[in-house]
Amino acid sequence: SQALAELVALRDASPDAVIPFSEDTFARLASTPPAASQRPYTLAFFLTAAHMMDKPKLGLRSMRKEWGRLAVAVKEAEAARPTGGKKPHPPIFMASLEFRDARDVFQRLGASSLPWVVTLRPGVAASPDSGPLKLEAADVMRHEAYGARHWAASDFASFLKDRAPGAG
């Protein structure tokens, strides 16, 4: 599909395989295709805000770096995935959203604090219009489930494995 090809190109153009999303990119690539019941890929987002990046208690800068480390590993795993046999799981694309570029998307994803990490699995419907998305509580990475600390790439990997088919 055109969206899949665009995601691959954006990922490949990023130095750490994390795709920067804006409100326009989200409307175009996170929405469910018109004639489909779901999108053919999973999107995983790390939400951040430039004015909060250097707050030591939040640790956003170090966590964003870890998010990039995982994105590179996911990209390499996607490239090494066997193509024969059973139907493959949908690919996973790692992305980031900056508050000043995507305020509406922050609201749609229910972001109430930072860090905010969320997956949009293929079956989570998203219209290109505004309005909250119907996410399950487990679609958002929470400190109660993954530890009350600054997350490392391995923590993000555990979350993706729990929420995205084929992430293992």
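Residues numbered from 1 in each chain as written. Predicted model: local features only at pLDDT ≥ 70, side-chain atom pairs only at ≥ 80, totals over all residues. Heavy atoms only, no water.

Okay, the overall build of the chain next. Each helix and strand counted, the chain has 6 helices and 4 strands in total. Listing every helix and strand of the chain by position from the N terminus yields α-β-α-β-α-β-α-β-α-α. Against the globule reference of 15 Å for 168 residues, the chain gives a C-alpha radius of gyration of 15 Å, in line with a compact fold. By principal-axis analysis of the C-alpha atoms, the chain measures approximately 45 × 35 × 30 Å. For the chain, buried positions account for 45% of its 168 residues. Carbon and sulfur atoms make up 55% of the accessible area of the chain, which amounts to about 8,900 Å² in all. Between the mean site of the 22 positive side-chain charges and the mean site of the 18 negative ones, the chain shows a separation of 3 Å. (Helix = DSSP H or I, 4+ residues; strand = E, 2+ residues; numbered from the N terminus. Rg over C-alpha atoms; globule rule 2.2 N^0.38 Å. Buried < 20%, exposed > 50% of the residue type's maximum accessible area, 1.4 Å probe, protein only. Areas by Shrake-Rupley, 256 points an atom, 1.4 Å probe, with all protein chains shown as cover. Lys, Arg positive; Asp, Glu negative; His and termini not counted. Charge placed at Lys NZ, Arg CZ, Asp CG, Glu CD.)

Take the pattern of salt bridges next. Across all of its chains, the model carries 12 salt bridges by this definition. Ionic pairing is found between Arg-163 and Glu-136, a salt bridge with its closest N-O pair at 3.0 Å. Of this pair, Arg-163 sits in helix α6 (residues 153-163) while Glu-136 sits in the loop between β4 (116-120) and α5 (143-146), and the two are 27 residues apart along the sequence. Here Asp-139 and Arg-163 are joined by a salt bridge, their closest N and O atoms 2.7 Å apart. Of the two residues, Asp-139 sits in the loop between β4 and α5 while Arg-163 sits in helix α6, which places them 24 residues apart along the sequence. As far as the burial class goes, Asp-139 and Arg-163 line up, both buried. (Salt bridge = Lys/Arg side-chain N within 4 Å of Asp/Glu carboxyl O.)

Attention now goes to the sheet that holds strand β2 (residues 42-48). Strands in a sheet are paired, the pairing made by backbone hydrogen bonds, and the direction either parallel or antiparallel. One open sheet holds the 4 strands; their spatial order is β1-β3-β2-β4, and the pairing between them is mixed. Every interior strand has two partners, whereas the edge strands, β1 (19-21) and β4, have only one. Pairs of neighbouring strands in the sheet enclose a mean axial angle of 30°, with direction left out of account. (Pairing = 2+ DSSP bridges. Axes fitted to C-alpha atoms, helices over the stretch in contact; angles between N-to-C directions.)

Counting residues in hydrophobic clusters, the biggest one holds 50 residues, and the most contacted among them are Phe-21, Phe-45 and Leu-109. Element by element, the count of residues in this core is highest for helix α3 (residues 60-80), at 6 residues. (Core = buried A, V, L, I, M, F, W, Y, C linked by side-chain atoms within 4.5 Å.)

Further remarks concern α3. In a regular helix each residue adds 1.5 Å, so 21 residues correspond to 30 Å; α3 covers 30 Å between its end C-alpha atoms and thus fits that length. All of the buried residues along α3 are Leu-60, Met-63, Arg-64, Glu-66, Trp-67, Gly-68, Leu-70, Ala-71, Val-74 and Glu-78. (Expected span 1.5 Å × (residues − 1).)

A separate point is the pairing of β2. Among the 7 residues in β2, 7 count as buried, and that is most of the element. Across the two faces of β2 the burial is the same, with Thr-42, Ala-44, Phe-46 and Thr-48 and Leu-43, Phe-45 and Leu-47 all buried. Alignment of β2 against strand β3 (residues 92-98), held across 7 bridges, turns out to be parallel. In the strand pairing of β3, Phe-46 is matched with Ser-96. For β2 and β4, the ladder comprises 5 bridges, and the chain directions are antiparallel.

By themselves, these observations are geometric and do not establish any function.
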